[in-house]
Amino acid sequence: MKLAIIGTGYVGLVSGACFAEMGNTVTCVDIDRKKIENLKKGIVPIYEPGLTLMVERNIEKESLLFSTSLKESIQDASIVFIAVGTPMESDGSADLSHVLSVAKEIGATMNHKLLIVGKSTVPVGTADMVKKTIQSELEKRSLSLKFEVISNPEFLKEGDAINDFMKPDRVVIGAETDEAFGIMKRLYSPFFRTHDRFIIMDVRSAEMTKYAANAMLATKISFMNEIANICEKVGADINNVRVGIGSDQRIGYSFIYPGVGYGGSCFPKDIRALKRTAEEYGYKAQLIQAVEAVNNRQKFSISNKIVERFGEDLTGKIFALWGLAFKPGTDDMREAPAIYTIKELIKRGARVKAYDPKAMEEAKSFYLKNMDNVEYSESKYEVLKEAEALILITEWKEFRSPDFDEIKLRLKTPIIFDGRNQYNAFNLGEKGFEYYQIGK
């Protein structure tokens, strides 16, 4: 099939590369000329394992193309995906201006029958708005072209997105006609040859499914962090509690690890958008509000422990920090807990020496740009020099089993603040460390 994907962000680029990998001819479109020129050279603007090689491979095969012209890119396409960003507004709602701008241009330039697929995470009812916008533009041109707007939410995990797309748990399609379902099933059939994971439903239910999925996962995280905080008060160990409840098959072990809260491009934005959508329909989503409130508080859990240990005045003290990205396997720092931890220490006079395998450039150029008292190193052990303590925020694999003798040798004092409870099983107290973790 010939596809056009509008938007070369995380979702659009991964989707385009994976569809091309299965033999489709895909044109990815973006208004950022520099970005498109770089992509034509195989320069990928985000870190995602396996993505650069897949992009380069399909550019060479001429199955993956890049363009700044939406008009030209949709002329031969049978399916057009809208995968532009939906940033959060000040009131928590999703900004649909980019989505509707694309819809308007599609309506103003399309010249044949099209299937329009919403891939961006959008509030319930957005497909209706897109349909109305396209139809309005066609009427201005006095054209009566057949098209359908459907929903195909993405369920990609940053750091494992290629695997998620190539071997999906499910493919959700919200559409109105059997024809649309049939086209999408043919498009996705190469991705689940051994087991049919194709789920069909109405458009609004598909739009809601994405928000519901992320809200459920965020709820598990905040629930476990709430229990962890109670464990600290009553003298219980959250690590034991986690094992005790995770063994129940109705609960399971996924997303019940205590820590410094969730971040990233999805959970924070989608929770706020879902809460806002409920408000617009006259409903107060109390559970969703609580999930967000617990997470907002949890971001300060490690900095609070540091202040409790060292006092409010941290002037002249140096802290080593491992992990800047919001999770391992990505360079994404949107809403990353590390940002909050660093800012809390800096405002009390401390210096922070940070290391992350992939996210340091993001920190330097944007999220912690021009922030005094933050230094970076290319070595996880180098940042330990003269530091009062080590702070673990992101559980990259290279942090999971470090040389504790080396850590102890380099630190000014042998103290570790573990924001992910990674070192609970290492009996660090017996190794001469002061060890602080979540929920114990």
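Computed from a predicted model, the values in this text were never measured in an experiment. (Residues numbered from 1 in each chain as written. Predicted model: local features only at pLDDT ≥ 70, side-chain atom pairs only at ≥ 80, totals over all residues. Heavy atoms only, no water.)

Enquirer: For this particular structure, what's the right way to read the overall build of the chain?
Expert: Of regular secondary structure, the chain possesses 16 helices and 14 strands. Taking 2.2 N^0.38 as the reference for a compact globule, 440 residues should give roughly 22 Å; the C-alpha atoms of the chain span a radius of gyration of 24 Å, in line with that estimate. Along the three orthogonal principal directions, the C-alpha set of the chain runs to about 75 × 45 × 45 Å. Of all 440 residues assigned to the chain, the portion counted as buried reaches 53%. (Helix = DSSP H or I, 4+ residues; strand = E, 2+ residues; numbered from the N terminus. Rg over C-alpha atoms; globule rule 2.2 N^0.38 Å. Buried < 20%, exposed > 50% of the residue type's maximum accessible area, 1.4 Å probe, protein only.)

Enquirer: Just checking my understanding: could you explain a nonpolar patch on the surface for this structure?
Expert: Taken together, Val243, Tyr253 and Tyr257 make up a surface patch of nonpolar side chains, about 300 Å² in accessible area. For valine 243, the location among the structural elements is in helix α10 (residues 238-246). Exposure remark for valine 243: the relative accessible area of 43% places this residue in the partly exposed category. (Patch = residues over 30% accessible without salt bridge, like charges linked within 9 Å, V, L, I, M, F, W, Y side chains within 5 Å. Areas by Shrake-Rupley, 256 points an atom, 1.4 Å probe, with all protein chains shown as cover. Salt bridge = Lys/Arg side-chain N within 4 Å of Asp/Glu carboxyl O.)

Enquirer: Would you mind going over the packing of helix α5 (residues 97-109) against helix α6 (residues 126-140) with me for this structure?
Expert: Packed helix pairs are specified by the crossing angle of their axes together with the interaxial distance, meaning the distance between the axes. The geometry of α5 relative to α6 is characterised by a closest axis approach of 7 Å and an angle of 35 degrees between their N-to-C directions. Handedness of the α5/α6 crossing: right-handed. Here Val99, Leu100, Ala103, Lys104, Ile106, Gly107 and Ala108 of α5 come into contact with α6, specifically with Thr126, Met129, Val130, Thr133, Ile134, Glu137 and Leu138. Counted by class, the contact of α5 with α6 contains nine nonpolar, three polar and two charged residues. (Axes fitted to C-alpha atoms, helices over the stretch in contact; angles between N-to-C directions. Left-handed = near helix turned anticlockwise from the far one by under 90°. Contact = heavy atoms within 4.5 Å. Nonpolar A, V, L, I, M, F, W, Y, C, P; charged D, E, K, R; others polar.)

Enquirer: Would you mind showing me how to read unusual backbone geometry here?
Expert: Among all residues except glycine, the phi angle is most often negative; among peptide bonds, the trans geometry is most common. At phenylalanine 255, a residue that is not glycine, the phi angle is positive and equals roughly 65 degrees. Structurally, the position occupied by phenylalanine 255 is in the loop between α10 and α11 (267-280).

Enquirer: How do you make sense of the nonpolar core when you look at a structure like this?
Expert: Most often, soluble globular proteins have nonpolar side chains that are buried together. With 56 residues, the main nonpolar core has Trp322 and Leu324 as its most contacted residues. Setting aside its immediate chain neighbours within four residues, leucine 324 contacts Met333, Ala336, Ala338, Ile342, Ala354, Asp356, Ala359, Met360, Ala363, Leu368, Tyr376 and Thr394. Residues Val11, Met54, Leu156 and Ile162 belong to the second largest nonpolar core, which totals 43 residues. (Core = buried A, V, L, I, M, F, W, Y, C linked by side-chain atoms within 4.5 Å.)

Enquirer: Sorry, what's going on with the environment of methionine 371 here?
Expert: You can see methionine 371 is positioned in the loop between α15 (360-367) and β11 (374-376). Residue classification places methionine 371 among the partly exposed positions, given a relative accessible area of 23%. Remark: the alpha-carbon pair of methionine 371 and serine 120, spanning 251 residues in sequence, is separated by 33 Å. If we ignore the near neighbours within four places in the chain, the residues touching methionine 371 are Ile342, Lys343 and Ile346.

Enquirer: What's the story with the packing of aromatic side chains in this structure? I'm lost.
Expert: By the definition in use, this model includes 22 aromatic pairs. For the ring pair phenylalanine 19 and phenylalanine 191, a centre distance of 5.9 Å and an interplane angle of 80 degrees mean the geometry is edge-to-face. Taken as a pair, phenylalanine 19 in helix α1 (residues 10-21) and phenylalanine 191 in the loop between α8 (178-188) and β8 (198-201) lie far apart in primary sequence, 172 residues in all. You can call phenylalanine 19 buried: its relative accessible area is 0%. Both rings, one in phenylalanine 404 and one in phenylalanine 433, keep their centres 6.1 Å apart while their planes meet at 75 degrees; by these two values the pair is edge-to-face. Highlighted residues: phenylalanine 404 in helix α16 (residues 404-410) and phenylalanine 433 in the loop between β13 (415-418) and β14 (434-437), separated in sequence by 29 residues. Each of the two residues, phenylalanine 404 as well as phenylalanine 433, counts as buried. Clustering of aromatic rings is evident, with ring pairs tying together Phe19, Phe81, Phe165, Tyr188 and Phe191. Arginine 170 extends its terminal NZ or CZ atom over the ring of phenylalanine 155, reaching a point 3.7 Å from the ring centre. Sitting above the plane of the phenylalanine 310 ring, arginine 309 keeps its charged end 4.8 Å from the centroid. (Phe/Tyr/Trp six-rings, centres within 6.5 Å; stacked < 30°, edge-to-face > 60°. Lys NZ or Arg CZ within 6 Å of the ring centre and 35° of its normal.)

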